[in-house]
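Fold and contact review
Spelled out from the first residue to the last, the chains are:
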Amino acid sequence: MPDLKKLPDAEQQIMALAESLRPVFERAPETVLIGVFTGGVWIAERISQLLPSHPPVGSVDISFYRDDFSERGLSPNVQPTTVPLDIAGKPVILVDDVLYTGRTTRAALNELFDYGRPSTVQLAVLADRGGRQLPIAADFCAWRVSLPENANLVLTRTPVDDPKGQLTWSLDDA
Amino acid sequence: MLDPQLDADGNLIHLLSTEGLSKEQLTRLLDTGASFIGVSDRDMKKVPLLRGKSVFNLFFENSTRTRTTFEIAAKRLSADVINLNMSTSSTAKGETLLDTVDNLCAMHADMFVVRHESSGAPHLIVDHLRRTGRNDIHVINAGDGRHSHPTQGLLDMYTIRHYKGDFEGLNVALIGDILHSRVARSDIHALKTLGAASIRVVGPQTLIPTDIEALGVEVHRDLESGLKDCDVVIALRLQRERMTGALLPSATEFHGLYGLTHERLKAAKPDAIVMHPGPMNRGVEIDSAVADSPRAVILPQVTFGIAMRMAVMSVLAGGGA
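Residues numbered from 1 in each chain as written. Chains lettered and ligands numbered in written order. Predicted model: local features only at pLDDT ≥ 70, side-chain atom pairs only at ≥ 80, totals over all residues. Heavy atoms only, no water.

So, the pattern of salt bridges
Evaluation of the coordinates by the stated rule reveals 21 salt bridges over all chains. We note a salt bridge from B:Glu71 to B:Arg67, for which the minimum N-O separation is 3.6 Å. A residue pair is termed a helical-turn pair when its members lie 3 or 4 positions apart in one helix, as B:Glu71 and B:Arg67 do in helix α2 (residues 64-76) at four residues. Residue B:Glu71 is classed as buried on the basis of its relative accessible area, which comes to 16%. When the shortest N-O distance is used, the salt bridge between B:Asp292 and B:Arg282 registers 3.0 Å. In this pair, B:Asp292 is assigned in the loop between α10 (288-291) and α11 (298-317) and B:Arg282 in the loop between β9 (273-275) and α10, connecting sequence segments 10 residues apart. Judged by its relative accessible area of 55%, B:Asp292 is exposed. Salt bridges sharing partners connect three or more residues here, namely A:Arg66, A:Asp68 and A:Arg72. (Salt bridge = Lys/Arg side-chain N within 4 Å of Asp/Glu carboxyl O. Helix = DSSP H or I, 4+ residues; strand = E, 2+ residues; numbered from the N terminus. Buried < 20%, exposed > 50% of the residue type's maximum accessible area, 1.4 Å probe, protein only.)

Considering helix α1 (residues 10-27) of chain A
All names here are of chain A. Between its first and last C-alpha, α1 extends 26 Å over 18 residues, near the 26 Å set by a 1.5 Å rise per residue. Taking the largest bend as the criterion, α1 deviates by roughly 35 degrees, centred on leucine 21, and proline proline 23 comes between one and four positions later. Burial in α1 covers these residues: Ala10, Glu11, Gln13, Ile14, Leu17, Ala18, Leu21, Val24 and Phe25. (Expected span 1.5 Å × (residues − 1). Bend = angle between axes of the 7 residues up to and from the residue.)

Some words on the domain arrangement of chain B
Where interface size is given, it is often the accessible area lost as the parts come together that is meant. All names here are of chain B. Assigned domains within chain B: domain 1 (23-149 + 302-317) and domain 2 (150-296). If you look at the interface, domain 1 gives 28 residues, while domain 2 gives 28 residues. Overall, the association of domain 1 and domain 2 removes approximately 2300 Å² of surface from exposure, summing both partners, and the carbon and sulfur fraction of that is 62%. Run the count over domain 1 and domain 2 and you get three salt bridges. Put simply, aspartate 31 and arginine 161 hold a salt bridge, and the shortest N to O gap is 2.9 Å. For the pair domain 1 and domain 2, the number of links is 11 residue pairs in polar contact (both at pLDDT 80 or more). Those elements that provide at least two residues to the side of domain 1 that touches domain 2 are α1 (23-41), α2, β3 (111-116), β4 (138-144) and α11. Taken together, the residues of the side of domain 1 that touches domain 2 sort by class into 10 nonpolar, 10 polar and eight charged. (Domains from an automatic or database assignment. Contact = heavy atoms within 4.5 Å. Buried area = accessible area lost by both parts, 1.4 Å probe. Polar contact = N/O pair within 3.5 Å; in protein donor to acceptor, adjacent residues only side chain to side chain. Nonpolar A, V, L, I, M, F, W, Y, C, P; charged D, E, K, R; others polar.)

Re the packing of α1(A) against helix α2 (residues 39-50) of chain A
Residues and elements named next belong to chain A. Close contact between α1 and α2 brings their axes to 9 Å; oriented N to C, the two are set at 60 degrees. Our classification of the angle between α1 and α2 gives oblique. Every pair of crossing elements has a handedness; the one defined by α1 and α2 is right-handed. Residue-level inspection shows Glu11, Ile14, Met15, Leu17, Ala18 and Leu21 of α1 in contact with α2, the latter providing Ile43, Arg46, Ile47 and Leu50. Per-class residue counts for the contact of α1 with α2 are eight nonpolar, no polar and two charged. (Axes fitted to C-alpha atoms, helices over the stretch in contact; angles between N-to-C directions. Parallel < 35°, antiparallel > 145°, perpendicular 65-115°, else oblique. Left-handed = near helix turned anticlockwise from the far one by under 90°.)

A closer look at the interface of chain A and chain B
Each side of the interface is counted separately: chain A has 12 residues, and chain B has 15 residues. Inspection of the chain A/chain B interface yields two salt bridges. For the interface between chain A and chain B, the tally reads four residue pairs in polar contact (both at pLDDT 80 or more). Looking at side-chain class alone, the side of chain A that touches chain B contains seven nonpolar, two polar and three charged residues.

Concerning the sheet that holds strand β2 (residues 57-60) of chain A
Residues and elements named next belong to chain A. The strand order β2-β1-β3-β4-β5 describes an open sheet built from five strands, whose pairing is parallel. Looking along the sheet, the strands with just one partner apiece sit at the ends: β2 and β5 (140-144). Strand-to-strand twist across the sheet, computed as the mean angle between neighbouring axes with direction ignored, equals 25 degrees. Taken together, the four bridges between strand β4 (residues 120-128) and β5 define a ladder with parallel strand orientation. Paired with aspartate 128 across the strands is arginine 144, a residue of β5. (Pairing = 2+ DSSP bridges.)

Structural notes on α1(B)
All names here are of chain B. Here α1 contains 19 residues, and its C-alpha end-to-end distance of 28 Å stays within 8% of the 27 Å for a straight helix at 1.5 Å per residue. Within α1, burial applies to Gln25, Leu26, Arg28, Leu29, Leu30, Thr32, Gly33, Ser35, Phe36, Val39 and Ser40. If you follow the buried residues of α1, they end up packed against α2, α5 (150-164), α6 (182-194) and α11.

Examining the environment of B:Leu238
Here B:Leu238 lies in the loop between β8 (232-235) and α8 (251-258). Sequence separation between B:Leu238 and B:Arg76 is 162 residues, and the spatial gap between their C-alpha atoms is 32 Å.

Details of the packing of α5(B) against α11(B)
All names here are of chain B. Here α5 crosses α11 at 120 degrees, and the two axes come no closer than 8 Å. With respect to each other, α5 and α11 are oriented oblique. Classified by chirality, the crossing of α11 by α5 is right-handed. Contacts between α5 and α11 pair Thr151, Gln152, Leu154, Leu155, Asp156, Tyr158, Thr159, His162 and Tyr163 from the former with Pro300, Gln301, Phe304, Gly305, Met308, Arg309 and Val312 from the latter. A class-by-class count of the residues in the contact of α5 with α11 yields eight nonpolar, six polar and two charged.

Let's talk about the nonpolar core
In terms of nonpolar packing, the biggest core is built from 84 residues, with A:Ile34, A:Phe64, B:Phe36, B:Leu174 and B:Met313 touching the most fellow members. Here this core gets 10 residues from one element, more than from any other, and that element is α11(B). The contacts of B:Leu174, once residues within four sequence positions are left out, are B:Ala184, B:Asp187, B:Ile188, B:Ile199, B:Arg200, B:Val201, B:Val202, B:Ile234 and B:Leu236. Formed by 29 residues, the second largest nonpolar core is a distinct cluster that contains A:Phe140, A:Ala151, A:Leu153 and A:Trp169. (Core = buried A, V, L, I, M, F, W, Y, C linked by side-chain atoms within 4.5 Å.)

In structure tokens:
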């Protein structure tokens, strides 16, 4: 495992990610941000505040679309999916905290298409930790890091209920 | 003794009764129901959770609403639904219940939704599946005799929680034909576990089971005393088709004594909600003016019932609560 005793500052990474997304919203102001529960929603809300146009933010909870439902069952805390407006024909930026196997992104795409047919979907993540099991790649990424399988990279918000709460990374052995 | 609803690890794999479910299990089911509410509001009213699963609706007793809402729930989870009207099928030709079940298992059923006029019929199926080692097939009781109707109990709890927030401190009255009501039993068990302050059953002596106090309820013969300070009033259908003896002089007399009217509901709290499991007999257990008033939440009960049945099916199929 790389030396990650000092993990990068998630808040700074979000600012960098927002900066890299700025041209997208200048080019196509109708673009919608959709965060994947839970971390992706926090990041999408923060990015929307950082961009001058404050684009609308939606959220998807992929619990009903997981590919491991028959092995793992339903998550006890399914959150409501809220797609804020008609996404049909609009460009969508899907936002997640960590890109790992790609299975969450696959599930999120399936769910998104049940709400309409976006003109394009791009993926923005705070961290790409490698380990892909599906042909999925991030279009925007603030931090690329190669982590072993047993590592658990988690984004937390303190306090968790505060939209302005501090976002930090933690890493432990799963 | 092992609760037949649970597997060896204590997970809920069948739903036979609200009796025996823990507060945590009930709450988990209600929370899961809440997450399914939004699915029915979408243009695309479907999620892929039970894709490829076969759900068999085995209705030995007629019920349009319950069968339809189970069918809708299963379809919104992307399952394939097969409706069997047992009163016109091989049962009528003499096939036993368990032979029917074995035949449907041979067709690779994943879930049975069972309504039967005999109490215990779904238990019999669960015992049979366990004995024959088919632990991956789930059974949901959709109403058995006078015993239990757990998904109705759950959707009633969902409705109460939706309008009242919590069960602590709530006074709940069940009015009318308690004797024949599996809904009443399911509600009482769930309300006890969830911590309602007082549960009253109100009706004529002939329609209240003699041992009902053992369930921890107050018995009231008088409607006004039963309704006093109630937060939730549940009217039950007068099940005249199940009445074999002279339990009741007439529906008109019943209405005169126990029918819910606005006037009588003044004894309850001003913000009390009125529920009914349907189908309702207007002018018998409930006045039309009450049934159509804003305090009646009878149609929301139906809507919540679909989400709760989706929740039950996915929790069972996904390894339990």
